[in-house]
Amino acid sequence: MSHNQSVATTVRTAPTWPLRPSWRRTVLVLHIVSAGAWLGIDVIVGVLVLTGWFAGSPGTRSLAYQALAESVVWPMLTAGLVCLATGLILGLGTKWGLLRYWWVAVKLALNLVLCTLIVVVLQPGMDAVAEYGRDLLTGPVDDSRVSTLFFPPAVSLTTLTLATTLAVVKPWGRIKRSADGWRGSPEP
Ligand code: HEM
């Protein structure tokens, strides 16, 4: 095969993906920044939960629980949804697909589960956490009202660390070959 023929073949068969390289880079930056923000907010939640439980003075504990109740859920959900939306764009717009590779499909499931937990479990309990924080200033309170608050940051941080590891390692290969039979380039 001559050089020209080989170039023509390469041009004809090279797959094209909806997301142009410059857009892919922009969306990927947003994706990584939102994932980082989400992890950071989880760290803040962890620090507030630990401060609320272990701090010496009732004033500090009260402040930690009230700050937790009033300021973290919506930023956390926003970061999670931006991460989801940019992940969907990256999946649909590149060779990775949404349900083509295990590492992407599992991240999609983890992202959906975490966002659902924020809306269904975390947010509805925040009024009670704020109330507990206020009650701390007025007298003895029952600690069991906030004892399960350790779980959300622990579960979320573990899951997001797993998702980040999946994104970097990209394990387990393809779920199945795509209908057009394209086998893709070697895994990065
Ligand atoms: C659960 C939270 C998530 C975290 C922490 C996360 C993290 C990351 C990170 C760090 C990268 C960069 C990896 C690299 O360049 O080597 C990445 C890339 C990627 N993520 Fe996510 N991700 C999450 C959710 C999602 C979701 C829900 C999807 C799809 C629906 C998705 C799809 C992708 C794709 C396709 C890439 C590769 C983009 C490319 O190189 O063109 N991610 N993710």
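This text goes with the structure placed above it.
Computed from a predicted structure; not experimentally measured. (Residues numbered from 1 in each chain as written. Predicted model: local features only at pLDDT ≥ 70, side-chain atom pairs only at ≥ 80, totals over all residues.)

J.: Go over the nonpolar core with me, naming the residues and quoting the values.
T.: Among the nonpolar cores identified, the biggest contains 25 residues, and Trp38, Tyr65, Leu68, Met76 and Val129 are the most heavily contacted of them. Put simply, the parts of the chain that give this core at least two residues each are α2 (21-54), α3 (58-71), α4 (73-93), α5 (102-122), α6 (126-135) and α7 (151-169). If one sorts the elements of this core by residue count, α2 sits on top with six residues. When residues no more than four places from it in sequence are discounted, the contact partners of Trp38 are Met76, Ala79, Gly80, Cys83 and Leu160. (Core = buried A, V, L, I, M, F, W, Y, C linked by C-beta atoms within 7 Å. Buried ≥ 20, exposed ≤ 12 C-beta atoms within 10 Å, placed from the backbone. Helix = DSSP H or I, 4+ residues; strand = E, 2+ residues; numbered from the N terminus. Contact = placed C-beta atoms within 7 Å.)

J.: A description of α5 should follow, citing residues and the corresponding values.
T.: When the terminal C-alpha atoms of α5 are compared, their 28 Å separation across 21 residues agrees well with the 30 Å that a helix rising 1.5 Å per residue should span. Buried residues of α5: Val104, Lys107, Asn111, Leu114, Ile118 and Leu122, and no others. Here the buried face of α5 lies against α4 and α7. (Expected span 1.5 Å × (residues − 1).)

J.: Quick one: what's the story with the packing of α3 against α6, residue by residue and with numbers?
T.: Where α3 contacts α6, the two axes come as close as 8 Å, and the packing angle between them is 160°. In terms of their interaxial angle, α3 and α6 are classed as roughly antiparallel. Between α3 and α6 lies a crossing whose hand is left-handed. Across from Ser62, Tyr65, Gln66, Leu68, Ala69 and Glu70 in α3, the residues of α6 making contact are Met126, Val129, Ala130, Tyr132, Gly133 and Arg134. (Axes fitted to C-alpha atoms, helices over the stretch in contact; angles between N-to-C directions. Parallel < 35°, antiparallel > 145°, perpendicular 65-115°, else oblique. Left-handed = near helix turned anticlockwise from the far one by under 90°.)

J.: Can you tell me about the site of the ligand, naming the residues and giving the values?
T.: By nearness alone, 24 residues border the ligand, and Ala35, Gly87, Asn111, Ala163 and Ala167 come closest of all. Residue assignment for the shell around the ligand shows that the elements contributing at least two residues are α2, α4, α5 and α7. Per-element accounting of the shell around the ligand gives the leading share, six residues, to α4. The class makeup of the residues in the shell around the ligand is 16 nonpolar, six polar and two charged. (Near = placed C-beta within 6 Å. Nonpolar A, V, L, I, M, F, W, Y, C, P; charged D, E, K, R; others polar.)

J.: Account for α6, with residues named and values stated.
T.: Looking only at α6, the buried set comprises Val129, Tyr132 and Gly133. The buried residues of α6 occupy one face: seen down the axis, they fall within an arc of 100°. Contact partners of the buried residues in α6: α3. (Arc of directions from axis to C-beta.)

J.: Kindly report on unusual backbone geometry, identifying the contributing residues and their values.
T.: Note: most peptide bonds trans; most residues except glycine with negative phi. You will see that Lys170, though not glycine, has its phi angle at about 50°, which is positive. Tracing the sequence through the fold places Lys170 in the segment after α7.

J.: Describe the environment of Tyr65, with residues and values.
T.: As for its placement among the helices and strands, Tyr65 is situated in helix α3. The sequence separation of Tyr65 and Leu48 amounts to 17 residues, and the corresponding C-alpha distance is 6.9 Å. Discounting residues that sit within four places of it in the chain, Tyr65 has contacts with Gly52, Val129, Ala130, Tyr132, Gly133 and Val146.

J.: Could you give an account of the packing of α2 against α3, with specific residues and numbers?
T.: Closest axis-to-axis distance for the α2/α3 pair is 8 Å, and the angle between their directions is 150°. The chirality of how α2 crosses α3 is left-handed. The segment α2 lies against α3, with Val45, Leu48, Val49, Thr51 and Gly52 engaging Thr60, Arg61, Ala64, Tyr65, Ala67 and Leu68. Tallied by class, residues from the contact of α2 with α3 come to seven nonpolar, three polar and one charged.

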